[in-house]
Amino acid sequence: MTFYQPETVLCNGALFRLYINKEQLDKRIVELAGQINRDYEDKKPIFIGILNGAFVFLADLMRHVTVPCEVDFFKLSSYGDEKVSSGSVTELKDLDADVEGRHVILIEDIVDTGLSMRYMVGRIKEKKPASVAVVTLLHKPDATKHYVNVDYVGFQIPTLFVLGYGMDYAQEGRNLAQIYVIDDGSEDSSSPVIPEHAKK
Ligand code: IMP
Ligand code: MG
């Protein structure tokens, strides 16, 4: 299967260039799933995808998970159509599943200021789960404004605006199979890194 994977892409008038390719994504996702398989060996976790951005990552991650598991979705909006977080969270869809007493694994595409994930962890804890873990494909640690513990991180990236693999710019670009970075020449675009503590 060949996905849509150009080198550069114009999205809503902004130019983006390739940042994390398909091979890097696939390899890292297999590693993350391996960690989850080990950590939840005797459990039946429920993955909660945070819509919209997490749907591509969740779909790929889940297909490498070998423990019995379930899935549900929660929908939040924080960015509006801008490249910076709006600073407030809007809840657009609650869970359908009852997670009381369950091992919940929250799945995000990216943790930026931490606002959305901090809010999500609080909302899930109200539902009295047995445990809550946080998985994010990307983390921008320098952008943190609301601290939240992240248990599994795919890649740490500088404070850059990225696109693709579920992530959008004004709702477009989610269909890109790889991750792109905005090419405006002004930002630190150093490479993504796999956090030391995550290399199990
Ligand atoms: P936070 O609440 O500031 O941590 O932002 C988290 C949400 O904003 C993520 O779930 C994404 O949907 C979106 N977001 C954050 N950074 C980016 C980005 O670089 N590109 C696209 N969406 C982003
Ligand atoms: Mg999101």
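Just above, that's the structure.
For every chain, the first residue of its written sequence is number 1, and the numbers climb from 1 along that sequence. Each chain takes a letter, starting from A, and each ligand takes a number, starting from 1, following the order in which they are written. Only residues with pLDDT of at least 70 are given local features in this predicted model, and only at 80 or more are side-chain atom pairs given and counted; all residues enter the totals for whole chains, interfaces and linings. Hydrogen atoms and water are omitted, and side-chain values are computed over all heavy atoms in the structure.

**A look at the sheet that holds strand β10 (residues 179–182)**
Put simply, the test is: A pair of strands counts as paired when DSSP detects no fewer than two bridges linking them. Put simply, DSSP H or I for four residues or longer makes a helix, DSSP E for two residues or longer makes a strand, and each gets a number counted from the N terminus.
One open sheet accounts for four strands, arranged β1-β2-β10-β9; its pairing is antiparallel. In this open sheet, the two strands that pair with only one neighbour each are β1 (8–11) and β9 (162–163). With two bridges joining them, β9 and β10 adopt antiparallel strand pairing. Of the residues in β10, the one forming a bridge with L163 is Y180.

**Some points on the pairing of strand β8 (residues 152–156)**
Stated precisely, the cut-off is as follows: For the exposure calls, accessible area comes from a 1.4 Å probe over protein chains only, and a residue counts as buried if that area is under 20% of its type's maximum, exposed if over 50%, partly exposed in between.
Counting buried residues along β8, four of its five residues qualify, which places the element largely inside the surrounding structure. Pairing analysis gives four bridges linking strand β7 (residues 131–139) to β8, with the strands arranged parallel. Bridging across to β8, H139 finds its partner in Q156.

**Topic: the pattern of salt bridges**
Put simply, the test is: Take a side-chain nitrogen of Lys or Arg and a carboxyl oxygen of Asp or Glu: if they are within 4 Å of each other, that pair is a salt bridge.
Under the criterion given, the structure shown has 15 salt bridges. Its salt-bridge partner being R17, residue D183 comes within 3.4 Å of it at the nearest N-O pair. Here R17 lies in strand β2 (residues 14–20) and D183 lies in the segment after β10, a separation of 166 residues in the sequence. A residue is classified by how much of its surface remains accessible, and R17, at 26% relative accessible area, is partly exposed.

**Digging into the pairing of strand β4 (residues 70–77)**
The side chains of a regular strand alternate, first on one face of the sheet and then on the other. As a reminder, the rule being used: Handedness of a crossover is defined as follows: orient the strands so they point away from the viewer, and if the path from the first strand over the helix to the second runs clockwise, the crossover is right-handed.
Pairing analysis gives six bridges linking strand β3 (residues 46–51) to β4, with the strands arranged parallel. Across the sheet, residue I50 finds its bridge partner in β4, namely F74. The handedness of the β3 to β4 crossover, carried by helix α2 (residues 55–62), is right-handed. Bridge analysis of β4 against strand β5 (residues 90–93) gives three bridges, and the strand direction is antiparallel. When the sheet's bridge partners are listed, L76 is paired in β5 with E91.

**Considerations on the environment of E172**
Which entries qualify depends on this criterion: In this description, contact between two residues means that some pair of their heavy atoms is separated by no more than 4.5 Å.
Within the fold, E172 resides in the loop between β9 and β10. As a C-alpha pair, E172 and V67 span 105 residues in sequence and 34 Å in three-dimensional space. Among residues more than four places away in sequence, those in contact with E172 are C11, N12, L163 and M167.

**A word on the nonpolar core**
One broad rule of soluble globular proteins: the nonpolar side chains tend to lie buried together. Stated formally: The term nonpolar core refers to a set of buried residues drawn from Ala, Val, Leu, Ile, Met, Phe, Trp, Tyr and Cys, joined through side-chain atoms within 4.5 Å.
Grouped together as the largest cluster of nonpolar side chains are 32 residues, with contacts concentrated most on F57, L61, I107, L137, L138, V162 and I179. Secondary-structure elements contributing two or more residues to this core are β2, α1 (22–39), α2, β6 (103–111), β7, β8 and β10. The element best represented in this core is α1, accounting for five residues. Every residue in contact with V162, bar those within four places of it in the chain, is listed here: Y19, I110, L138, I157, M167, I179, Y180 and V181. Membership of the second largest hydrophobic core comes to 18 residues, among which are I48, L95, V134 and V150.

**A look at the sheet that holds β5**
Pairing between the strands of a sheet comes from backbone hydrogen bonds, and it takes one of two forms, parallel or antiparallel. Defined as follows: Helix axes are fitted only over the stretch in contact, all axes being lines through C-alpha atoms; the angle between N-to-C directions runs from 0 to 180 degrees.
Strand order in the open sheet formed by six strands is β5-β4-β3-β6-β7-β8, with mixed pairing between adjacent strands. Each edge of the sheet is formed by a strand with only one pairing partner; in this case those strands are β5 and β8. Strand-to-strand, the axes of this sheet are offset by a mean angle of 25°, without reference to chain direction. Sheet contacts for α1: β3, β6, β7 and β8; angle to β8, the most-contacted strand, approximately 160°. Each of β3, β4, β5, β6 and β7 is contacted by helix α3 (residues 115–126), which is oriented at about 165° to β6, the strand it contacts most.

**Considering the side chain of T113**
Rule in force here: The term polar contact refers here to a pair of N or O atoms within 3.5 Å; inside protein, the definition further demands a hydrogen-donor-capable atom paired with an acceptor-capable atom, and it admits residues adjacent in sequence only when both atoms are side-chain atoms.
Secondary-structure assignment places T113 in the loop between β6 and α3. Taking the relative accessible area as the measure of exposure, T113 reaches 12% and is therefore buried. At a separation of 3.2 Å, a polar atom in the side chain of T113 contacts the main-chain amide nitrogen of L115.

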